[in-house]
Amino acid sequence: MRTLKIFVLIFINLLRFNKKLTNKAREFHTMEEPLKAYRFIDNETLIFMKRIVEISGAKIEVEGTESINKNETYLFVGNHQSNFDIPLLYTYSPIKMAFVAKQEMRKIPIMGKLMKLRGHVFLNRDNPKEAVKSIQQGIGVLKSGESLAVFPEGRRSKTGEMNSFKSGSLRLALKSGVKIVPFVINGSYKLLEANGGRVKPANVNIKFLKPIDTKNYKDAVKLTEELEFLIKNELKESI
């Protein structure tokens, strides 16, 4: 029943967003005020995201928000267990952000268009030239004052285990000069992926770690290794 409710909610809201949000967001982009477009979309979609989490029955514990400066721009970097990670992070982070998403998301009717207007970056890992363009786009988003979030695993683990991090997306922080906020999500896979695609209640912990100043790094590979080690250890401790 929870699964059906969420799918119906997504369908209804996408139809509503197609009329209400895209036209207004385009107006802001035409006026060269993308941040206003992002905030306008945030105000509408946050209600939708909160409702998805509520229907899931998830019991959420959040830690570490006190270390995040709401007036600063960050690259959020963390592990990826579930399709619920984006609504969870978007709902409970004190800063709303765009996401680095896989290329296939762009093709979803209505959603792909809305994501583009919101500043989300679509990354094609199989095409190096296109990937470079996406990284440049992401750098532009960060330099404009808008935070981004990335899952360096590249795909959901669908379990409590964590896949290896890929270094490409971490160049966003090095090139833009913004700080990184590592985050750890534990238990989100139990909401969906562990149940054969059915939504069931679960306990989920979201922990934001202290920001890391990327000015101390010149090598994306080393930065990636240290972040992977840090987040993996925090994940083990939260189990």
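The following paragraphs examine the structure supplied in this document. Computed from a prediction, not measured in an experiment: that's the story for all the values here.

## Structural notes on the layout of surface pockets
- Its boundaries defined by the atoms lining it, the largest pocket holds a volume of some 1,400 Å³.
- Around the largest pocket sit 44 residues that line it, and Asn 83, Ile 86, Met 105, Met 111 and Met 115 are the ones nearest its centre.
- Elements represented by at least two residues in the lining of the largest pocket include exactly α1 (2-30), α2 (34-56), α3 (85-92), β3 (98-102) and α4 (111-118).
- In terms of residue count, α1 provides more of the lining of the largest pocket than any other element does, six residues in total.
- Grouping the constituent residues of the lining of the largest pocket by class yields 27 nonpolar, ten polar and seven charged.

## Quick notes on a nonpolar patch on the surface
- A contiguous nonpolar patch, built from Met 1, Leu 4, Val 8, Phe 11, Ile 12 and Leu 15 and spanning about 640 Å² of accessible area, is present on the exposed surface.
- Following the sequence through the fold, Met 1 ends up in the segment before α1.
- Met 1 gets classed as exposed once you look at its relative accessible area, which sits at 69%.

## Some remarks on the sheet that holds β3
- Spatially, the seven strands line up as an open sheet ordered β1-β7-β6-β2-β5-β3-β4, and their pairing is mixed. Two strands close off the open sheet at either side, each with one partner strand: β1 (59-63) and β4 (121-123). Looking at each pair of strands side by side, their axes are set apart by 25 degrees on average, direction ignored.
- The sheet contact formed by β3 and β4 spans three bridges and is parallel. Bridging across to β4, Ala 101 finds its partner in Phe 122.
- Sheet contacts for α3: β1, β3, β5 (148-150), β6 (179-186) and β7 (203-208); angle to β7, the most-contacted strand, approximately 55 degrees.
- In the packing of helix α7 (residues 220-238) onto the sheet, contacts are made with β2 (74-78), β6 and β7, and the angle to β6 comes to roughly 35 degrees.

## Overview of the side chain of Ser 147
- Relative to the assigned elements, Ser 147 resides in the loop between α5 (128-143) and β5.
- Polar side-chain contacts of Ser 147 include one of 2.9 Å to the backbone nitrogen of Tyr 74.
- Apart from the residues lying within four places of it in its own chain, the contact partners of Ser 147 are Glu 72, Thr 73, Tyr 74, Phe 76, Ile 95, Lys 96, Met 97, Ala 98 and Leu 142.

## Looking at the pattern of salt bridges
- One pass over the structure, following the stated rule, counts twelve salt bridges.
- For Lys 179, the salt bridge goes to Glu 72, with nearest N and O atoms at 3.7 Å. Note that Lys 179 is positioned in strand β6 and Glu 72 in the loop between β1 and β2, a separation of 107 residues in sequence.
- Overall, Lys 179 belongs to the partly exposed group, its relative accessible area being 29%.

## Describing the nonpolar core
- Of all hydrophobic cores here, the largest spans 39 residues; its most connected members are Phe 76, Phe 84 and Phe 208.
- Contributions of two or more residues to this core are made by α1, α2, β2, α3, α4, β6 and β7.
- Broken down by element, this core gets its largest block of residues, eight residues, from α2.
- The next biggest cluster of nonpolar side chains, apart from the first, holds 28 residues, and it includes Met 162, Phe 165, Val 178 and Leu 209.

## What to know about the packing of α1 against α4
- Where α1 contacts α4, the axes come no closer than 10 Å and their chain directions differ by 30 degrees. One way to sum up the angle between α1 and α4 is to call them roughly parallel. For the element pair α1 and α4, the recorded crossing hand is left-handed. Contacts between α1 and α4 involve Leu 14, Phe 17, Asn 18, Leu 21, Thr 22, Ala 25, Arg 26 and His 29 from the former and Met 111, Lys 113, Leu 114 and Leu 117 from the latter.

The rules we used
- Residues numbered from 1 in each chain as written.
- Predicted model: local features only at pLDDT ≥ 70, side-chain atom pairs only at ≥ 80, totals over all residues.
- Heavy atoms only, no water.
- 1 Å grid on protein atoms, 1.4 Å probe; cavity = no way out; pocket = protein on both sides within 12 Å on 5 of 7 lines; lining within 4 Å.
- Points joined across faces, edges and corners; volume = space filled by probe spheres on them.
- Helix = DSSP H or I, 4+ residues; strand = E, 2+ residues; numbered from the N terminus.
- Nonpolar A, V, L, I, M, F, W, Y, C, P; charged D, E, K, R; others polar.
- Patch = residues over 30% accessible without salt bridge, like charges linked within 9 Å, V, L, I, M, F, W, Y side chains within 5 Å.
- Areas by Shrake-Rupley, 256 points an atom, 1.4 Å probe, with all protein chains shown as cover.
- Salt bridge = Lys/Arg side-chain N within 4 Å of Asp/Glu carboxyl O.
- Buried < 20%, exposed > 50% of the residue type's maximum accessible area, 1.4 Å probe, protein only.
- Pairing = 2+ DSSP bridges.
- Axes fitted to C-alpha atoms, helices over the stretch in contact; angles between N-to-C directions.
- Contact = heavy atoms within 4.5 Å.
- Polar contact = N/O pair within 3.5 Å; in protein donor to acceptor, adjacent residues only side chain to side chain.
- Core = buried A, V, L, I, M, F, W, Y, C linked by side-chain atoms within 4.5 Å.
- Parallel < 35°, antiparallel > 145°, perpendicular 65-115°, else oblique.
- Left-handed = near helix turned anticlockwise from the far one by under 90°.

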